[in-house]
Amino acid sequence: FCVLFAHRYAAMCAALTGMVYYADIDVNAPFADAFEKIGMGWATEIVSIGAVTGIVTALLVSLMGCARIYTILGRTGLLPPYMSRISRSRGTPANATVVTGISAGLLTFLFDIEILAELVSIGTLFVFSFVAGSILVKHY
């Protein structure tokens, strides 16, 4: 499965460097900039819309997962029971979702987005490492 994505990534890199000299690639928006440089402005718009859509989707999924974690922590008593309440009409953790949205909004408002992105990456690496280590300890 990972090999499939590695090949796709390599193919995308080859296509990008085939379109534009590698030193001229903009690291912040490589494909959009490459399409713009070769005169395909319409493709720039499509790539940009896809990038924004992907980022928004990833953020919403992260917020949804965070609200679920807060709900479980509320059930176990590590957070106030208020966090574990489930909406009767929708069957979702409404209180945890509101708290998650407000806290994410405040963090975004107060801190630089690059610092937050680095902290998210560090946190994700820590969680994946912790889970992998826990599986090894439990298995052996």
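Use the structure listed above.
Values in this document were obtained by computation on a predicted structure and should not be read as measured data.

What counts and how
Residues numbered from 1 in each chain as written. Predicted model: local features only at pLDDT ≥ 70, side-chain atom pairs only at ≥ 80, totals over all residues. Heavy atoms only, no water. Helix = DSSP H or I, 4+ residues; strand = E, 2+ residues; numbered from the N terminus. Rg over C-alpha atoms; globule rule 2.2 N^0.38 Å. Buried < 20%, exposed > 50% of the residue type's maximum accessible area, 1.4 Å probe, protein only. Contact = heavy atoms within 4.5 Å. Areas by Shrake-Rupley, 256 points an atom, 1.4 Å probe, with all protein chains shown as cover. Lys, Arg positive; Asp, Glu negative; His and termini not counted. Charge placed at Lys NZ, Arg CZ, Asp CG, Glu CD. Salt bridge = Lys/Arg side-chain N within 4 Å of Asp/Glu carboxyl O. Patch = residues over 30% accessible without salt bridge, like charges linked within 9 Å, V, L, I, M, F, W, Y side chains within 5 Å. Phe/Tyr/Trp six-rings, centres within 6.5 Å; stacked < 30°, edge-to-face > 60°.

Enquirer: How do you make sense of the overall build of the protein when you look at a structure like this?
Expert: Of regular secondary structure, the protein possesses 5 helices and 0 strands. For the protein, the C-alpha radius of gyration of 21 Å lies well beyond 14 Å, the compact-globule estimate for 140 residues. When its C-alpha atoms are laid out on the principal axes, the protein stretches across 55 × 40 × 30 Å. Expressed as a percentage of its 140 residues, the buried residues of the protein come to 13%. Long-range pairs, those at least 24 residues apart, make up 19% of the contacts in the protein between residues at least 6 apart in sequence. For the protein, the exposed surface amounts to about 11,000 Å²; the carbon and sulfur share of it is 72%. Measuring between centres, the 8 positive side-chain charges of the protein sit 31 Å from its 8 negative side-chain charges.

Enquirer: Would you take a moment to explain the pattern of salt bridges for this structure?
Expert: Per the stated rule, a full pass over the model turns up 1 salt bridge. A salt bridge links K37 to D33; its shortest N-O distance comes to 3.1 Å. Of this pair, K37 and D33 both sit in helix α2 (residues 30-37), separated by 4 residues, roughly a single helical turn.

Enquirer: What should I look at first to understand a nonpolar patch on the surface in this one?
Expert: A surface patch of nonpolar side chains, amounting to about 760 Å² of accessible area, comprises V98, I102, L106, L107, F109, L110 and F111. Among the secondary structure elements, I102 is positioned in helix α4 (residues 94-110). On the accessibility criterion, I102 (52% relative accessible area) is exposed.

Enquirer: Please explain the packing of aromatic side chains as it appears in this structure.
Expert: Per the stated rule, a full pass over the model turns up 2 aromatic pairs. Each ring, one from Y21 and one from Y22, has its centre 4.9 Å from the other, and the planes form 50°; the classification is tilted. Taking relative accessible area as the criterion, Y21 reaches 52% and is therefore assigned exposed. Residue classification places Y22 among the exposed positions, given a relative accessible area of 58%.

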